[in-house]
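Coordinate analysis (summary)
Listed below are the residues making up each chain.
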Amino acid sequence: MYRIAIEKLLKWKQSKRRKPLIIEGARQVGKTWLMKEFGRQAYEDTVYINFDSNSRMAELFAPDLDTERLIMGLELYAGRKIDPEKSLLIFDEVQEVPRALTALKYFYENAPQYNIVCAGSLLGIALHQGTSFPVGKVDFLKLYPLSFNEFLKAIGEERFAELLDKRDFQMITSFRQTYIDALKQYYFVGGMPEAVQSFAENKDFNEVREIQRRILAAYEQDFSKHVPNEIVPRLRMLWNSIPSQLAKENKKFIYGLVREGARAKEYETAIMWLCDCGLVHKVSRVNTAGIPLRAYEDLKAFKLFLVDVGLLGCMAGLRQRTLLDGNALFVEFKGALTEQYVCQQLKTIENLDVYYYTNDRGSCEVDFVVDTGERIVPVEVKAEINLKAKSLKTYREKFSPEVAVRTSMADYKKEDWLVNLPLYAIDQIARI
C-alpha cells in the first residue's frame with residue numbers, strides 16, 4: 001500500500017540535521033508496517049526490535065545509557081553488526097522501556113550517525129506521564145489512517161488520485177460519479193490499513209465490518225490494560241458517547257450526553273488519554289479569526305471526532321445499504337459522517353491547525369476554521385449539494401476572509417471570495 005509518509009521518511013533520511021525519529025499514531029494505523037517498508041526501500045539492512053514484554057531490552061537500557069555499550073548490546077541481540085551508513089534501527093513499542101526513550105537524547109548527541117526510527121501505540125501517554133523525554137533531540141512524524149487520496153491508490157484508482165493532485169477540476173468534474181462512489185465506500189471502509197487492504201482484495205463490506213469490530217475491541221482492551229482503574233468506566237462511557245455527540249445538529253461536546261449530571265472535571269483525564277493515544281481528535285472553538293488561531297482557543301468548548309470515519313460508522317451500527325443507497329432515516333447521521341470525514345482529511349495535512357468557530361451568541365457556527373500560518377480559511381461542510389451557507393456570509397461580514405471554502409457533493413466552482421470544493425477534493429484545500 002502506498003503511504004505518503006514514506007516520502008517524509010525518505011526526506012528525513014537525507015536531512016543533514018537528522019535526529020532519531022518518533023512516529024506517533026493510534027494502534028493499527030500502520031506504524032510497524034511503515035517503518036519496515038521504509039527500511040526495505042531505503043536501507044541495505046533493517047534491525048527491528050520490539051520492546052513489548054522484552055526483558056532483555058529492559059535490562060540492556062537499565063544500568064546506564066552509554067551509546068557504545070548500547071550499540072554493542074543491540075548488535076549482540078540482532079546477531080550482526082550495525083553499520084551506521086547502511087542500517088536502519090527500528091524500536092517498536094518503545095514506550096514499554098522508558099529508558100530507551102531517554103536514550104534517544106544520547107544517540108542524538110554522541111552517535112548521530114545511526115539511523116533510528118521509533119514507534120509505539122501508547123507513546124503519547126508515555127510522553128505525558130513525565131518519562132524523562134529528550135525534548136528537542138528527536139524528530140516527530142504523525143501517522144493517521146489512510147486519507148481518501150491514499151484509499152483511491154489502494155483500491156487501484158491511482159489515476160483518479162493523481163488527477164486530484166493535479167487539480168484539473170474540469171476533468172475531475174467529468175468523472176464526478178466515480179469519485180462520489182469511491183467516497184461513499186471510504187465512508188464505510190474508512191482508512192484503517194487492515195480494513196482497506198481487505199476491501200481492496202475482496203470488496204466484501206461484511207468482512208470490513210468484522211475487522212473494524214476487532215479493532216474497536218482491541219481499543220477497549222487497551223482501556224482496561226493501560227488506564228488507571230478509576231478512570232476506565234468514565235473512559236468507556238465517554239468513548240461510547242461519541243457517535244451520539246456527533247449525530248446532534250450542534251456537534252459541540254456535551255458532558256450530559258455521557259451521563260446525566262456529568263461534569264467536565266470528572267472526564268478531563270479520560271479525554272486527555274484518548275487524545276494522547278490518537279483515538280480522538282479534539283477540535284476546539286475559537287470566537288475570532290486572528291493569526292495564530294491558537295491564541296484565541298476556547299479550551300472549554302470543543303468537538304470530539306474519532307480517529308477514523310469507518311470506525312465511527314461501525315460504532316454507530318451503520319449498515320452498508322443505508323450508506324450506499326441513501327435512506328431517509330440516515331439524514332441526521334450523514335452530517336456527522338461528513339464532518340468526521342472532513343476533519344480526518346484536514347488532520348492529515350501538515351502544518352494546518354484546525355478549529356471551529358461560533359460567535360458569542362451562538363447564532364453563527366462555521367464547521368471548521370483552518371490556520372495555514374499565512375491566512376485563516378473558514379470551511380463550511382455540507383453533506384449533499386444543498387449550498388445555503390448563511391453562517392459563512394455572517395462570518396465574512398465580520399472578518400472579511402480572503403477566501404472561504406464550502407465543501408459538499410457539488411462540483412468545483414470559484415466565485416469571488418468563495419470556493420466550492422467537492423468533498424472528495426478537500427485534501428487540496430491548502431494548495432487552493
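Residue numbering note: each chain is counted from 1, following its sequence as written. Residues qualify for local features only when their pLDDT is at least 70, as the model is predicted, and side-chain atom pairs are given and counted only at 80 or more; totals for whole chains, interfaces and linings, by contrast, use all residues. Only hydrogens and water are set aside when side-chain values are computed; all heavy atoms of the structure are taken into account.

Between any two strands, pairing holds if DSSP finds at least two bridges. Put simply, DSSP H or I for four residues or longer makes a helix, DSSP E for two residues or longer makes a strand, and each gets a number counted from the N terminus. Strand order in this open sheet of eight strands is E7-E6-E8-E9-E10-E11-E13-E12, and the pairing throughout is mixed. Looking at the sheet topology across the chains shown, the edges are occupied by strand E7 (297-306) and strand E12 (413-415). Within this sheet the neighbouring strands show an average axis-to-axis angle of 30°, counted without direction. Sheet topology places strand E6 (residues 280-286) next to E7; seven bridges connect them, and they run antiparallel. Within E7, the position partnered with Lys-282 by the bridge is Leu-304. Those strands touched by helix H13 (residues 232-247) are E6 and E7, and its axis lies near 95° from that of E7. Here an angle of 0 to 180 degrees is reported between the N-to-C directions of two axes, which are lines fitted to C-alpha atoms, with helices fitted over the stretch in contact. By the convention used here, residues are in contact when the closest approach between their heavy atoms is within 4.5 Å.

Our focus in this paragraph is the nonpolar core. Buried Ala, Val, Leu, Ile, Met, Phe, Trp, Tyr and Cys residues that are joined via side-chain atoms within 4.5 Å together make up what is termed a nonpolar core. The rule is simple: take the accessible area with a 1.4 Å probe, protein chains only, and divide by the maximum for that residue type; under 20% is buried, over 50% is exposed, in between is partly exposed. The biggest cluster of nonpolar side chains holds 108 residues, and the ones touching the most others in it are Ile-23, Tyr-219, Trp-239, Tyr-341, Leu-346 and Phe-368. Filtering out sequence-adjacent residues up to four positions away, Tyr-219 remains in contact with Ala-26, Arg-27, Gln-28, Met-192, Trp-239, Leu-279, Val-307 and Leu-311. Core analysis: the second largest hydrophobic core is formed by 26 residues, Val-47, Ile-49, Ala-111 and Ile-116 among them.

In contact at an axis separation of 10 Å, helix H10 (residues 176-189) and helix H12 (residues 205-226) are set at 35° when each is read in the N-to-C sense. Here Gln-185, Phe-188 and Val-189 of H10 lie close against H12, whose contacting residues are Phe-205, Val-208, Arg-209 and Gln-212. Ten residues, namely Ala, Val, Leu, Ile, Met, Phe, Trp, Tyr, Cys and Pro, are considered nonpolar, four, namely Asp, Glu, Lys and Arg, are considered charged, and the remaining ones, Gly among them, are considered polar. Across the contact of H10 with H12, the residue classes break down as four nonpolar, two polar and one charged.

This part covers the environment of Leu-146. By secondary structure assignment, the location of Leu-146 is in the loop between strand E5 (139-142) and helix H7 (148-154). For the pair Leu-146 and Ala-270, spaced 124 residues apart in the sequence, the C-alpha separation amounts to 26 Å.

What follows concerns the confidence of the model for the chain. Confidence scores labelled pLDDT are given residue by residue by the predictor and lie between 0 and 100. Overall, the prediction assigns the chain a mean pLDDT of 91, with 94% of residues at 70 or greater. Element-level pLDDT for the chain is lowest in helix H6 (residues 123-128), with a mean of 61, against a maximum mean of 98 in helix H11 (residues 193-202).

With that settled, consider the packing of aromatic side chains. Centre distance within 6.5 Å is the pairing criterion for rings of Phe, Tyr and Trp, where only the six-membered ring of Trp is used; planes under 30 degrees apart are then read as stacked, over 60 as edge-to-face, and the remainder as tilted. Under the definition given, this model contains 29 aromatic pairs. Geometrically, the ring pair formed by Phe-253 and Phe-302 is stacked, given 5.4 Å between the ring centres and 15° between the ring planes. One end of the pair, Phe-253, is in the loop between H13 and helix H14 (264-276); the other, Phe-302, is in strand E7, with 49 residues separating them in the sequence. Judged on exposure class, the residue Phe-253 and its partner Phe-302 are both buried. Between Tyr-357 and Tyr-395, the aromatic rings sit 5.2 Å apart at their centres with planes inclined by 85°, giving edge-to-face as the arrangement. Of the two residues, Tyr-357 is situated in strand E8 (residues 353-358) and Tyr-395 in helix H18 (residues 390-399); the sequence distance between them amounts to 38 residues. Of the two residues, Tyr-357 and Tyr-395, both sit in the buried class. Among the aromatic residues, those joined into a ring-pair cluster are Phe-148, Phe-151, Tyr-186, Tyr-187, Phe-188, Phe-199, Phe-205 and Tyr-341. Put simply, a charge is over a ring when the Lys NZ or the Arg CZ is close to the ring centre, within 6 Å, and near the line of the ring normal, within 35 degrees. The side chain of Lys-13 reaches across the aromatic face of Tyr-43, ending 4.3 Å from its centre. If you follow Lys-282 out to its NZ or CZ, it ends over the ring of Phe-302, 4.7 Å from the centre.

So, about the sheet that holds strand E4 (residues 115-119). Ordered by their spatial adjacency, five strands build an open sheet running E2-E3-E4-E1-E5, and the pairing between neighbours is parallel. In this open sheet, the two strands that pair with only one neighbour each are strand E2 (45-50) and E5. Here the average twist between neighbouring strands, direction ignored, is 20°.

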